Amino acid sequence: NDLNASMQQSVRSTGFGIIFQFINLVWLAAGFELLCMAIHDLYLFYLSYRQGIEIDVEKWILPWISPSPITLQRFGAFIPYRVIVQYQLWRFLTSTLMSTSFVEWILVLWSWKALHGKARPTRVWCHIYILSVFTGDLWMMAFDSSGQTGGGAMWGTCGVICAVGGAKPGLRFILFMTAIVSVFLSLLAPANSVMGAISGSFFGWSFYGLGWLPVVSKNDKDAVKPTRLTQAISCFVLIKLWA
C-alpha cells in the first residue's frame, strides 16, 4: 500500500497522470462522438422507415465511413462560413476533439498509441494540440472557406506527433510518415480540410524548433534539442503560419 501510494504521488507530482488521461481523451472523445453520430442517424432512419416521415438525413460516405455534412454540422464541426458569416464561434470548441470519419479516427488512434510508451509526455503536449487545432481553424478560414467541414482531432494529433518527431530522432520517420499519411487522407476524404492537417503539422514542428518549452521529458536520453538553424527556420515558419 505504501509503495502504491508513493507511485501515485509520483505520477501526480510529475503531471503524467493528467497527460496520459489527455492522450486517451483525444481518441476516446473522437470515437465517442462518431458513435453518437451513428446512433443519431440510425434513429432518424428508423423514424423515417417506421413512420414515413421525411427527415433531413443522408447516408454515410464510403469507403471513409464518414457522416454526412449535415450530421457533422449538427454535431459542431468547424465550418468557416458559419463561423465568419453567422458568428457561430462555439464551433472552435466543439470541433476540437472531432474526427470526421472512421478511417481518420483509426489513424488518430494509431498516432497516439505509437507515442504511448515510446516518448515520455509533458504538459506541453496539451498546449501543442490546442494551438495546432487553432492554427488549423485559422488556415481553414483563410484558404478553405467554401462550405467545407472540419474536425480538429486530426490537426492537433499531427501537431503533437510532428513536435515529438522533431525531438526524438528514433521516432522521427514513423511519426513524420504518419503526419504525411494524415495530410493525404485529409486531401482525399470528403469531410475534412487538408489545410488544417498541413498547418497543424507545421505548427507542431515549429513549436519544437523554437526550443522554448521541452516537447518531451528531460528523462528521455535520446531526445535532441533544436539547432540554431532549426530555431531560425521555425521562427520564420511560425510567423508565416499566423501572419
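Residues numbered from 1 in each chain as written. Predicted model: local features only at pLDDT ≥ 70, side-chain atom pairs only at ≥ 80, totals over all residues. Heavy atoms only, no water.

Caption draft 1: Inspection of the pattern of salt bridges at higher detail. Inspection of the entire model under this criterion finds one salt bridge. Across the pair Asp222 and Lys168 runs a salt bridge whose closest N-O atoms are separated by 2.7 Å. Of the two residues, Asp222 is situated in the loop between helix 10 (194-210) and helix 11 (228-242) and Lys168 in the loop between helix 8 (152-167) and helix 9 (169-188); the sequence distance between them amounts to 54 residues. (Salt bridge = Lys/Arg side-chain N within 4 Å of Asp/Glu carboxyl O. Helix = DSSP H or I, 4+ residues; strand = E, 2+ residues; numbered from the N terminus.)

Caption draft 2: Local environment of the nonpolar core. Residues Trp112, Leu115, Trp125, Tyr129, Val160, Val164 and Val215 are the most contacted members of the largest nonpolar core, which totals 43 residues. Elements with a contribution of two residues or more to this core: helix 2 (16-51), helix 6 (102-115), helix 7 (124-143), helix 8, helix 9, helix 10 and helix 11. If we skip the residues at most four places from it in the chain, Tyr129 touches Phe22, Val26, Thr96, Leu97, Trp112, Gly152, Ala153, Gly156, Thr157 and Val160. (Core = buried A, V, L, I, M, F, W, Y, C linked by side-chain atoms within 4.5 Å. Buried < 20%, exposed > 50% of the residue type's maximum accessible area, 1.4 Å probe, protein only. Contact = heavy atoms within 4.5 Å.)

Caption draft 3: The confidence of the model for the protein chain, seen in detail. Scored by pLDDT, the protein chain comes out at a mean of 83, with 87% of its residues at no less than 70. Mean pLDDT values for the elements of the protein chain range from 42 in helix 1 (residues 2-14) up to 94 in helix 5 (residues 91-94). The model gives residues 1-14 a pLDDT under 50, and that stretch makes two contacts with residues more than four places away or in other chains. (pLDDT = per-residue confidence, 0-100.)

Caption draft 4: Representation of the packing of aromatic side chains. By the definition in use, this model includes eight aromatic pairs. With 6.4 Å between their ring centres and 55° between their planes, Trp27 and Trp105 make a pair best called tilted. Here Trp27, found in helix 2, pairs with Trp105, found in helix 6; they are 78 residues apart in sequence, far enough to count as distant. Each residue in the set Trp27, Phe102 and Trp105 is aromatic and connected to the rest through ring pairs, giving one cluster. (Phe/Tyr/Trp six-rings, centres within 6.5 Å; stacked < 30°, edge-to-face > 60°.)

Caption draft 5: Here's a closer look at a nonpolar patch on the surface. Where nonpolar side chains cluster on the molecular surface, the patch consists of Trp110, Phe173, Ile174, Met177, Ile180, Phe184, Leu187 and Leu188 and spans about 850 Å² of accessible area. It is helix 9 that contributes the most residues to the nonpolar patch, seven residues altogether. The topology assignment puts Trp110 in helix 6. (Patch = residues over 30% accessible without salt bridge, like charges linked within 9 Å, V, L, I, M, F, W, Y side chains within 5 Å. Areas by Shrake-Rupley, 256 points an atom, 1.4 Å probe, with all protein chains shown as cover.)

Caption draft 6: Inspection of unusual backbone geometry at higher detail. In this model, Leu62 is joined to Pro63 through a cis peptide bond whose omega is 5°. Relative to the elements of secondary structure, Pro63 occurs in the loop between helix 2 and helix 3 (69-74). With a phi angle near 55°, Ile65 is a residue other than glycine that sits in the positive phi range. Along the polypeptide, Ile65 turns up in the loop between helix 2 and helix 3. Residue classification places Ile65 among the partly exposed positions, given a relative accessible area of 34%.

Caption draft 7: The environment of Gly166, seen in detail. You can see Gly166 is positioned in helix 8. Judged by relative accessible area, which is 3%, Gly166 ranks as buried. For the pair Gly166 and Val215, spaced 49 residues apart in sequence, the C-alpha to C-alpha distance is 9.0 Å. Residues contacting Gly166, with those up to four places away along its chain left out, are Arg172, Phe176, Tyr208 and Val224.

Caption draft 8: Representation of the packing of helix 7 against helix 10 within the structure. As a packed pair, helix 7 and helix 10 sit with axes 8 Å apart at the nearest point and diverge in direction by 140°. Of the possible angle classes, the one that applies to helix 7 and helix 10 is oblique. As helix 7 packs across helix 10, the resulting crossing turns out to be right-handed. Here helix 7 contributes Val124, Ile128, Leu131, Ser132, Thr135, Gly136, Trp139 and Phe143 to the contact with helix 10, which in turn contributes Met195, Gly196, Ser199, Gly200, Phe203, Gly204 and Phe207. (Axes fitted to C-alpha atoms, helices over the stretch in contact; angles between N-to-C directions. Parallel < 35°, antiparallel > 145°, perpendicular 65-115°, else oblique. Left-handed = near helix turned anticlockwise from the far one by under 90°.)

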